[in-house]
Amino acid sequence: MPGSADELRPLLFSIAYGMTGSVGDAEDIVQDAYLGLTRAHRAGTTVADPKAYLTTAVTRLGINHLRSARVRRERYVGDWLPEPIVVPADAPGPAEHAELADSLSMAFLVLLEALSPVERAVFMLREVFGYGYPDVARIVGKTEVNCRQIFARARQRIAAGGPAVPAAPHRTADGQELARRFFEAAAGGDMDALLGMLAPDVVVHGDGGGKAQVAATPPAGRQAVGRLLVGLFRRGRTLGTSLRPAWVNGHPGAVFYDADARVVSVFELDIAEGLVQAIRAVVNPDKLAHLGPVSDVARLPEAD
């Protein structure tokens, strides 16, 4: 495998994850793209531009994956959140994960769910990764004029749901310090301190996928969110849970573990103007397995 091709892995993973919102699926797609390149070389095909070949392969595999997963997404139980990309607060983490974490937040990936597979590919390549229209057209197999129309349509479709560009990453000392004080206040039951760090219209989105406990309706507002957090941490203390600070998709957050060091959940904090604007918690055990052994503390009982 040419060295230059292998060095593209962080970019390829970023595109695949942006398309699928799944760590495991993204890794599989990247691997399939590399296998395709290997087969081409063995067949005697000259690949003059490995980057163009691989980015095209990854994008088209991502489009096919989304088409096959559409029914599953439509039937998803409760709020859908992407599988979290977690980088330890005190370590750079794997290159492909660290690079992506500064590109796509959970909130932005949720917005992308409103797009068709091709719209998602065109919008992401253009808006997130900065590809020009000629390259976007080549990658998705459309005309340049068509891609401009697709991009405009995609931008309109997600405009009502939030910003049309990813939120700026918050991998700063200030963000990390606010997250530290936030989790400390929640763990200590300090409601006054907690309320002072929450935006007036703060909301909590929990993804249990029908397999783990989350609030049926996303709690909103300082008081409701504050009470929820204090209650969660109080229950966590009785169960012997602990947390480790982390960067989650480029935002301050934490990974929660049970008494046996198994992953319980991952929290991501959206911070703006010195306040927590939104909290996203992934509790679905299927979306945590890539982080290590998963706890059954929050798991719902199996249906008969």
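Residues numbered from 1 in each chain as written. Predicted model: local features only at pLDDT ≥ 70, side-chain atom pairs only at ≥ 80, totals over all residues. Heavy atoms only, no water.

Engineer: Which residues make up the overall build of the protein chain, and what values do they have?
Structural biologist: Along its length, the protein chain carries 12 helices and 6 strands. When contacts within the protein chain are restricted to residue pairs at least 6 apart in sequence, those whose partners lie at least 24 apart make up 66%. Surface exposure of the protein chain reaches about 14,000 Å², of which carbon and sulfur atoms provide 52%. (Helix = DSSP H or I, 4+ residues; strand = E, 2+ residues; numbered from the N terminus. Contact = heavy atoms within 4.5 Å. Areas by Shrake-Rupley, 256 points an atom, 1.4 Å probe, with all protein chains shown as cover.)

Engineer: I'd like a description of the sheet that holds strand β1 (residues 86–88), backed by residues and values.
Structural biologist: The mixed open sheet is built from 6 strands, whose spatial order is β1-β3-β4-β5-β6-β2. Edge positions in the sheet fall to β1 and β2 (198–207), since each of these pairs with one other strand and no more. Each adjacent strand pair in this sheet contributes to an overall mean axis angle of 30 degrees, direction not counted. In this sheet, strand β5 (residues 263–272) lies alongside strand β4 (residues 251–257) in antiparallel orientation, the contact comprising 5 bridges. Its bridge partner being in β5, A254 is matched across the sheet by F267. Set on the sheet, helix α12 (residues 222–239) makes contact with β2, β3 (242–248), β4, β5 and β6 (275–282); between it and β2 the angle comes to about 50 degrees. (Pairing = 2+ DSSP bridges. Axes fitted to C-alpha atoms, helices over the stretch in contact; angles between N-to-C directions.)

Engineer: Let's hear about the nonpolar core: which residues, and what values?
Structural biologist: One finds I15, V122, F123 and Y131 to be the most contacted residues of the largest nonpolar core, which totals 47 residues. Looking at this core, the elements with two or more residues in it are α2 (9–20), α3 (23–42), α4 (50–74), α6 (106–112), α7 (117–127), α8 (133–140) and α9 (144–159). Tallying contributions element by element places α3 first for this core, with 8 residues. (Core = buried A, V, L, I, M, F, W, Y, C linked by side-chain atoms within 4.5 Å. Buried < 20%, exposed > 50% of the residue type's maximum accessible area, 1.4 Å probe, protein only.)

Engineer: Any details on the environment of R237? Residues and values, ideally.
Structural biologist: With respect to the helices and strands, the residue R237 is situated in helix α12. With relative accessibility at 48%, the residue R237 sits in the partly exposed group. There is a polar contact of 2.4 Å between the side chain of R237 and the backbone oxygen of A187. (Polar contact = N/O pair within 3.5 Å; in protein donor to acceptor, adjacent residues only side chain to side chain.)

Engineer: Describe the side chain of E113, naming the residues involved and giving the relevant values.
Structural biologist: By secondary structure assignment, the location of E113 is in the loop between α6 and α7. Owing to a relative accessible area of 19%, E113 belongs among the buried residues under this scheme. Those residues in contact with E113 that lie beyond four places of it in its chain are R70, R73, W80 and R120.

Engineer: Break down the packing of aromatic side chains for me, citing the residues and quoting the values.
Structural biologist: Centre distance and the angle of the planes are the two values used to describe a pair of aromatic rings. In total, this model carries 9 aromatic pairs according to the counting rule given. Between F233 and F256 the ring centres are 5.5 Å apart and the planes differ by 75 degrees, which places this aromatic pair in the edge-to-face class. One end of the pair, F233, is in helix α12; the other, F256, is in strand β4, and 23 residues separate them in sequence. Comparing F233 with F256 shows no difference in burial state: the two are buried. (Phe/Tyr/Trp six-rings, centres within 6.5 Å; stacked < 30°, edge-to-face > 60°.)

Engineer: I'd love a proper account of unusual backbone geometry, names of residues and values included.
Structural biologist: A positive phi angle, close to 65 degrees, is found at A261, a residue other than glycine. Mapped onto the elements of the fold, A261 is located in the loop between β4 and β5. Given a relative accessible area of 43%, A261 falls into the partly exposed group. Of note in this structure, E273 is not a glycine but carries a positive phi near 55 degrees. In this structure, E273 sits in the loop between β5 and β6.

Engineer: Go over the packing of α8 against α9 with me, naming the residues and quoting the values.
Structural biologist: At a minimum axis distance of 9 Å, the contact between α8 and α9 shows a crossing angle of 95 degrees. As judged from the angle between their axes, α8 and α9 are roughly perpendicular. Contacts between α8 and α9 pair Y133, P134, V136, A137 and V140 from the former with E144, C147, R148 and F151 from the latter. Of the residues in the contact of α8 with α9, the class split is 7 nonpolar, no polar and 2 charged. (Parallel < 35°, antiparallel > 145°, perpendicular 65-115°, else oblique. Nonpolar A, V, L, I, M, F, W, Y, C, P; charged D, E, K, R; others polar.)

Engineer: Give a detailed account of the pairing of β3, specifying residues and quantitative values.
Structural biologist: Relative to β3, β1 is paired through 3 bridges, and the arrangement is antiparallel. Across the sheet, residue P88 finds its bridge partner in β3, namely A246. Bridge count between β3 and β4: 7 bridges; the pairing is antiparallel. Bridging from a neighbouring strand, S242 pairs with Y257 of β4. Remark: 2 residues form the turn of the hairpin made by β3 and β4, two consecutive strands paired antiparallel; N249 in that turn has positive phi of roughly 50 degrees.

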